[in-house]
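# Fold and geometry: a report
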Amino acid sequence: MKIQYNMQRLRRLRTSPAMRAIIAETSLSVNDLIYPLFVKPGKGIREEISSMKGQYRYSVDMLAGEIENIKKAGLKAVLLFGLAGHKDEMASESCLPDGAVQESIRLFKKLAPEIVVMTDVCVCGYTSHGHCGILKEGIIQNDESLVLLQKMALSHAEAGADVVAPSAMMDGQVAAIREALDKNGYSNTSIMGYSAKFFSACYGPFRDAADSAPQSGNRSSYQMDVANAQEALREIEIDEAEGADMVMVKPAVFYLDIIARAAAQSKLPIAAYNVSGEYAMIKAAAEKGWIDENKVMMEMLLSIKRAGAGLIITYFAKDAAHLLKD
Ligand code: PBG
Ligand code: ZN
């Protein structure tokens, strides 16, 4: 056959592992990974989350061993989620100075002060109705809910959190929390906005884990419509203007286009949340023997990085960290 003289031979740069390594445009590092953890009130609790194989809920007295594991994996950051012992309309337990999250922050700071402790700031795990704000006559009250988020964020900062991450999708939540932190002497506490958080069906396993499903209705009046990309960019722009230090796109894998656009638009660090449903799908298929879990996991994480995320919040953080070491 006749070969064109100027034919481009891209395969030349794929000839050996070393060649591929020096040519790689993107790489994954343990420094990119943030590990989410669930903590709950009580004693002696270490229970596996049935829809999230390999993930556990801990009471604070059982957390020390897991902190050791996280250190051993070389992870640099965790994101804490709390469960409630008692729920009410006003999410009273969310801002207790000795709540499960607040005590866990203190334990991390005592046992592993070098680890960045991030906390989720949202009341859905603490409200009796399971919504992310105050509910009145079927409507989530935006501005009244901001007061709850301020109190919750402040209680995390007081316990020693490095980063608070509001996930309620209330308008003005970043500004409200920034103001509360600054007023109380926490100007060094960072805010990671869950800026573009979509109304996704991929949060199901998390809601089992955190016992945070809404009792009636759904979250479509505050979380973003799946159809919208421009609006995601607006959310990010607004969170920046309100003083966010980092912004987030959530979920990650179904929203790689949003991550790429966010990275092009914003100069802030972009986090992507590889959510519970994305985790559970891989776990389930791997359990059936249909996919190679480790390979799919690494491909997924690298793809999120390639799309433009600088930080990846993932339940696979420990597993990926170990693979990156060998
Ligand atoms: C709470 C919150 C949720 C997630 C993170 N923070 C659930 C929700 O909005 O219903 C989802 C995380 C995951 O699925 O892994 N607002
Ligand atoms: Zn919520």
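Further up the page is the structure itself.
Attention in this report is confined to the structure presented alongside it. (Residues numbered from 1 in each chain as written. Chains lettered and ligands numbered in written order. Predicted model: local features only at pLDDT ≥ 70, side-chain atom pairs only at ≥ 80, totals over all residues. Heavy atoms only, no water.)

### Thoughts on the overall build of the chain
Of regular secondary structure, the chain possesses 11 helices and 12 strands. Here the C-alpha radius of gyration of the chain, 21 Å, is about what a compact globule of 326 residues would show, namely 20 Å. With the C-alpha coordinates aligned to their principal axes, the bounding extent of the chain is approximately 75 × 45 × 40 Å. The buried share among the 326 residues of the chain stands at 51%. Intrachain contacts of the chain at a sequence separation of at least 6 include 74% that bridge at least 24 residues. When the accessible surface of the chain is split by element, carbon and sulfur atoms take 52% of a total near 15200 Å². (Helix = DSSP H or I, 4+ residues; strand = E, 2+ residues; numbered from the N terminus. Rg over C-alpha atoms; globule rule 2.2 N^0.38 Å. Buried < 20%, exposed > 50% of the residue type's maximum accessible area, 1.4 Å probe, protein only. Contact = heavy atoms within 4.5 Å. Areas by Shrake-Rupley, 256 points an atom, 1.4 Å probe, with all protein chains shown as cover.)

### Remarks on the packing of aromatic side chains
Within the structure shown, the criterion is met by 11 aromatic pairs. Aromatic pair Phe 38 and Phe 206: ring centres 5.4 Å apart, planes at 55°, arrangement tilted. Of this pair, Phe 38 sits in strand S1 (residues 33–39) while Phe 206 is found in helix H6 (residues 204–210), placing the two residues 168 residues apart along the sequence. In terms of burial, Phe 38 and Phe 206 fall into one category: buried. Ring geometry for Phe 198 against Tyr 255: centres 4.4 Å apart, planes inclined by 25°, an arrangement best described as stacked. Of this pair, Phe 198 sits in the loop between strand S9 (190–197) and H6 while Tyr 255 sits in the loop between strand S10 (246–250) and helix H8 (256–265); the two residues are 57 residues apart in sequence, bridging distant segments of the chain. Tyr 255 shares its class with Phe 198; the two are buried. One aromatic cluster in this structure is built from Phe 38, Phe 81, Tyr 194, Phe 206, Tyr 273, Tyr 279, Tyr 315 and Phe 316. Above the ring of Tyr 203, the side-chain terminus of Lys 197 is found at 5.7 Å from the ring centroid. Of note, Lys 250 hangs over the ring of Tyr 203, and the distance from its end group to the ring centre comes to 4.3 Å. (Phe/Tyr/Trp six-rings, centres within 6.5 Å; stacked < 30°, edge-to-face > 60°. Lys NZ or Arg CZ within 6 Å of the ring centre and 35° of its normal.)

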